[in-house]
2 protein chains.
Amino acid sequence: MLQAFKSHINTTFPKLNSNKLLLAVSGGLDSMVLLHLCKASGLNIAIAHCNFNLRGKESDADTLLVKEEADRLQITCHVEHFNTESYAADIKVSIQIAARELRYQWFDEVIKEFDYNYVLTAHHLNDDVETFIINLTRGTGLDGLSGIPKVNNTIIRPLLPFSREEIHTYALAEKIIWREDASNASDKYLRNSIRHHIIPKLEDLNPVFLDNFKRTQHHLQQSSKLIEDYTNVLFKTLVTHTDKGFSISLTKLNDFENHDAILYQLLKAFKFKDWSSVYALKDAQSGKQIFSETHRLIKHQNALLLSVNEALHSETVTVEAEAKMVSFPLGTLEFNKVEALAKLKKHIAYVDADALQYPLTIRRWQAGDNFQPFGMKGKKKLSDFFKDEKLSLPQKENSYVLTSNNRIVWVIGHRIDHRFRITKLTKQITQIVWHF
Amino acid sequence: MLQAFKSHINTTFPKLNSNKLLLAVSGGLDSMVLLHLCKASGLNIAIAHCNFNLRGKESDADTLLVKEEADRLQITCHVEHFNTESYAADIKVSIQIAARELRYQWFDEVIKEFDYNYVLTAHHLNDDVETFIINLTRGTGLDGLSGIPKVNNTIIRPLLPFSREEIHTYALAEKIIWREDASNASDKYLRNSIRHHIIPKLEDLNPVFLDNFKRTQHHLQQSSKLIEDYTNVLFKTLVTHTDKGFSISLTKLNDFENHDAILYQLLKAFKFKDWSSVYALKDAQSGKQIFSETHRLIKHQNALLLSVNEALHSETVTVEAEAKMVSFPLGTLEFNKVEALAKLKKHIAYVDADALQYPLTIRRWQAGDNFQPFGMKGKKKLSDFFKDEKLSLPQKENSYVLTSNNRIVWVIGHRIDHRFRITKLTKQITQIVWHF
């Protein structure tokens, strides 16, 4: 397996040979094998281990194992402890989602602080098959069947071509020690059931099922990419931007086939649920409209106009001075008083605490909004700012601002206003973290 | 179920209410239920029943059941007996493929002769799931997962939204009689295994799996259609036709992303097997080439040139005067002496026996070929003929001609030469049937 792993790295991710890599190691079979494979391949690696404090002594034993192995192999090991349960309660998500969010946020911090280039995770072929089956039973589309991406920004998953059996065999042969993986505990029952009852039956039907599955996934990924490309072409051809959103020309749509499939692609980011109503709108009377959680689609002459759902648009969330966690449609803002700035990140803002006039408000941006982007001298229309930042339409439509006395403090996730920045005169710093 | 069936017909196939329909009825559960549903919905139906003579008395008992039921319901019943085994041996295919070919050929004849508009078959949702799983275990792509088409030319499958269980429940409630279906016998083991061991497990994971699967199939079909549309766009942008095939501009390809996926779409009809070599050709030296069973792809400056594999191109199959069945790369030609012309069909040619000079030859068409298309006065270049007939490039590339003394007798599957036609002076007719 080591040979196959090396060759996979050299063919698919040659850049891993010359970069600093951070390995996500839980102490479970998969990540311990990944660690040994990377070490044996001479890659430049460090370890990141999360202790989510979800299983008491068991979690600590995981941490101990990873630390000891790191010592033995003389590899840097970053360890972080999380209070996952209270975090999940705070931002009202499942333990599993909270753990994932904490993990990836922390990885992000570590790679920036210590100048790693990529994070490597140990997802393998069986994870992929299981996800395929889970999504299939739930009802899905091409995206849900195309598998876990092997690269996603700075995250790389070099074990995807390898089966659990190969990994297990390698671990036994190389006498690698591991502990049962605590992550994904909440869907463990589901995955175990697929692993023990479904995959073996599929292998009965075809002994090389797993190899064939790899090929299938590759084909589906190629199909996904083509549809993405085509959607870009369709956007350019059929869509014109308007003040409040965009307009799809039904006249131009008539030059194409498969209108419903096209409308789905153009509109899938906007949370419509009843797609037959969306499709029916093509032939409806002018003025007929439907709403999603966030948007409105209205038939207007020979076009469908998409705009932000105005009812939501006018909704504002108030932030009192003593508030610590405030929920809004895109997640939660956490307000902290801090002593100093840490490294700058898009989802964290640092502003001069004394410049804020409470109550603050969080609201969706509006046409006409303007602010003074951090680092700039003059004011700028928010719509121009978004254009310069090359935001996609869905990103733009889903942008929120934090305001103080009707002035924008932070275009959340993008840029603070220059007037609220930290200066030499700042006495107190407010840190605002967006958990999404 | 009757109500759901009626509503499905009215929504999806309203044209079935006003047309003459031919029902493929084997005597098995699914087709007997389809028969009763159509009758109860007041559709204008007749029955077509094939006796493939594969199970002796059992086959005859099937036929008897269908005939009796047709009598009872006062519905016209067409029955045909086939010598499936000897046909399969003659054209060297499996029994299953032979049965399918015989069945659909015969349906085609019956609907033309008796002026039916559509053939209805009883494929249902579980057939779809089983096909999905079979293809998945074998390795597949989007097309292999998108399901049996609900409409395919004149064939319509109105039971696809219904599960085997619904059909079975309806049959019991309505006291419908059926016999175990003999068709698909050769993959019965496979399908039974999926039916008994895999589907129940998927339903354990999610009790509404079958409903969700319907949704999944719909989404995948939409994705398939979009890719088809995009491929047409790509063809127009990247491909120019040449004398021998076509040329893909690599310069223009560079304006796109996902080059491999695009090349796959443009070239998938040409039987290349080693796709990584196809993809590698983009960056190869000018002059490098690869071959498929039928085609050659060569890197030439900034283009990939596709042409018919010349080695194959020059290969001709000789047809002696006494030959009855002659194989060629696209199937088999069957030569018969007949008394009279039956209805004209694309895959059957009738020519004046005395005009033929043996040995005849079968070969792929060549640039420069010309003939006198039946019904026309002058000669025509074959390439122009194909253009007028709007053949797709793969169709054109895979066209064969039957020649006599260097003159084209039949552009196989398309048109005979006027000079070989049946006239008042014809003494003997040769019928040539293309089995593909």
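Keep in mind the model is a prediction, meaning the values are calculated, not measured.

(A) Main features of the sheet that holds strand β14 (residues 331-338) of chain B. Residues and elements named next belong to chain B. If you walk across this open sheet you meet the four strands as β13-β14-β22-β15, and the pairing is antiparallel. The open sheet has two edge strands, β13 (325-328) and β15 (348-352), and neither has a second partner. Strand-to-strand twist across the sheet, computed as the mean angle between neighbouring axes with direction ignored, equals 25°. Summarising the sheet, β14 and strand β22 (residues 429-435) pair through seven bridges and their orientation is antiparallel. What sits directly across from Lys337, in β22, is Thr430.

(B) Focus on the nonpolar core. The biggest cluster of nonpolar side chains holds 92 residues, and the ones touching the most others in it are A:Phe132, A:Leu267, B:Phe132 and B:Leu267. Looking at this core element by element, the count peaks at ten residues for helix α10 (residues 209-238) of chain A. Aside from chain neighbours lying at most four places away, what touches B:Phe132 is A:Phe132, A:Leu136, A:Leu145, B:Gly144, B:Leu145, B:Phe213, B:Gln217 and B:Leu220.

(C) The arrangement of the UniProt feature "binding site: ATP" (unreviewed entry) in chain A in detail. All names here are of chain A. UniProt tags Ser26, Gly27, Gly28, Leu29, Asp30 and Ser31 as "binding site: ATP" (unreviewed entry). Within the secondary structure, Gly27 sits in the loop between β1 (20-24) and α2 (29-40). Residue class for Gly27 comes out buried when judged on its relative accessible area of 1%. Contact partners of Gly27, with chain neighbours within four places excluded, come to Met32, Leu65, Val66, Trp178 and Arg179. When neighbours within four sequence positions are excluded, Asp30 is seen to be in contact with Ala122, His124, Leu159 and Ile167.

(D) Spotlight on the packing of helix α6 (residues 125-138) of chain A against helix α9 (residues 188-205) of chain A. All names here are of chain A. Viewed as axis vectors pointing N to C, α6 and α9 meet at an angle of 95°, and their least axial separation amounts to 10 Å. Classed by the angle they form, the pair α6 and α9 counts as roughly perpendicular. Contact residues: Asp127, Val129, Glu130, Thr131, Ile133, Ile134 and Arg138 in α6; Leu190, Arg191, Ile194, Arg195, Ile198, Ile199 and Leu202 in α9. Within the contact of α6 with α9, the residues separate by chemical class into eight nonpolar, one polar and five charged.

(E) Broad picture of the packing of helix α6 (residues 125-138) of chain B against helix α10 (residues 209-238) of chain B. All names here are of chain B. Where α6 meets α10, the closest approach of the two axes is 11 Å, and the angle between their N-to-C directions is 70°. Compared by their axis directions, α6 and α10 come out roughly perpendicular. Note on packing geometry: the crossing formed by α6 with α10 is left-handed. Where α6 approaches α10, its residues Leu125, Asn126, Asp128, Val129 and Phe132 are matched on the opposing element by Phe209, Leu210, Phe213, Lys214, Gln217 and Leu220. Considered class by class, the residues forming the contact of α6 with α10 number seven nonpolar, two polar and two charged.

(F) Fine view of the pattern of salt bridges. Residue and element names in this part refer to chain A. Tallied over the full model, the rule gives 32 salt bridges over all chains. Note that Asp369 is salt-bridged to Arg363, the shortest N-O span being 2.9 Å. The exposure classification of Asp369 matches that of Arg363, with both residues buried. When salt bridges that share partners are traced, they join Arg55, Glu58, Asp62 and Arg179 into one network.

(G) Seen up close, the domain arrangement of chain A. Residues and elements named next belong to chain A. Partitioning chain A into structural domains gives domain 1 (2-205), domain 2 (221-310) and domain 3 (316-435). For domain 1 versus domain 3, the separation of C-alpha centres amounts to 34 Å. Listed as interface residues are eight residues of domain 1 and, on the opposing side, six residues of domain 3. With both sides pooled, the region where domain 1 packs onto domain 3 buries about 690 Å², and carbon together with sulfur makes up 55% of that total. For the pair domain 1 and domain 3, the number of links is zero salt bridges. For the pair domain 1 and domain 3, the number of links is one residue pair in polar contact (both at pLDDT 80 or more). At the level of elements, α4 (84-91) and α5 (95-113) are the ones that each hand at least two residues to the side of domain 1 that touches domain 3. Per-element tally for the side of domain 1 that touches domain 3: the top contributor is α5, with five residues. Residues of the side of domain 1 that touches domain 3, tallied by class, amount to two nonpolar, one polar and five charged.

(H) Representation of the interface of chain A and chain B in the model. On the chain B side, the residues contacting the 41 residues of chain A number 41 residues. A buried area of about 3800 Å², summed over both sides, lies between chain A and chain B, and 70% of it is on carbon and sulfur atoms. Linking chain A to chain B there are zero salt bridges. Listed by contribution, the elements that provide at least two residues to the side of chain A that touches chain B are α6, α7 (142-145), α9, α10 and α12 (259-267) of chain A. Element by element, the count of residues in the side of chain A that touches chain B is highest for α10(A), at 15 residues. Class assignment for the residues of the side of chain A that touches chain B results in 20 nonpolar, 14 polar and seven charged.

(I) Representation of the relation of the copies chain A and chain B within the structure. For these two chains of identical sequence, chain A goes onto chain B by a turn of 180° and a shift of 0.0 Å along the axis, with RMSD 0.1 Å. Viewed as a symmetry operation, the transformation between the two copies matches a two-fold axis. Both copies share a contact surface, since 100% of the interface residues of chain A are interface residues in chain B too.

(J) Layout of the packing of aromatic side chains. Residues and elements named next belong to chain A. Evaluated as defined, the whole model comprises 34 aromatic pairs over all chains. For the ring pair Phe272 and Trp275, a centre distance of 6.3 Å and an interplane angle of 70° mean the geometry is edge-to-face. Comparing Phe272 with Trp275 shows no difference in burial state: the two are buried. Between Trp365 and Phe386, the ring centres sit 5.1 Å apart and the planes meet at 80°, which makes this aromatic pair edge-to-face.

(K) Quick look at unusual backbone geometry. The linkage connecting A:Tyr358 with the following residue, A:Pro359, adopts the cis geometry, with an omega of -5°. One non-glycine residue, B:Asn53, lies in the positive phi region at around 50°. As for its position among the elements, B:Asn53 is in the loop between β2 (44-51) and α3 (57-73). Look at B:Gln74: it is not a glycine, yet its phi comes out positive at around 55°. With respect to the helices and strands, B:Gln74 occurs in the loop between α3 and β3 (77-81).

(L) A look at the pairing of strand β14 (residues 331-338) of chain A. Residue and element names in this part refer to chain A. Counting buried positions along β14 gives six out of eight residues, so the element sits mostly inside the fold. Where strand β13 (residues 325-328) meets β14, four bridges bridge the pair, whose relative direction is antiparallel. The partner of Val326 across the bridge, within β14, is Leu333. The hairpin formed by β13 and β14 contains two residues between the paired strands.

Cut-off values and rules
- Residues numbered from 1 in each chain as written.
- Chains lettered and ligands numbered in written order.
- Predicted model: local features only at pLDDT ≥ 70, side-chain atom pairs only at ≥ 80, totals over all residues.
- Heavy atoms only, no water.
- Pairing = 2+ DSSP bridges.
- Helix = DSSP H or I, 4+ residues; strand = E, 2+ residues; numbered from the N terminus.
- Axes fitted to C-alpha atoms, helices over the stretch in contact; angles between N-to-C directions.
- Core = buried A, V, L, I, M, F, W, Y, C linked by side-chain atoms within 4.5 Å.
- Buried < 20%, exposed > 50% of the residue type's maximum accessible area, 1.4 Å probe, protein only.
- Contact = heavy atoms within 4.5 Å.
- UniProt positions renumbered as here; feature names shortened; annotations may be inferred.
- Parallel < 35°, antiparallel > 145°, perpendicular 65-115°, else oblique.
- Nonpolar A, V, L, I, M, F, W, Y, C, P; charged D, E, K, R; others polar.
- Left-handed = near helix turned anticlockwise from the far one by under 90°.
- Salt bridge = Lys/Arg side-chain N within 4 Å of Asp/Glu carboxyl O.
- Domains from an automatic or database assignment.
- Buried area = accessible area lost by both parts, 1.4 Å probe.
- Polar contact = N/O pair within 3.5 Å; in protein donor to acceptor, adjacent residues only side chain to side chain.
- Least-squares fit on C-alpha atoms with pLDDT ≥ 70 in both.
- Phe/Tyr/Trp six-rings, centres within 6.5 Å; stacked < 30°, edge-to-face > 60°.

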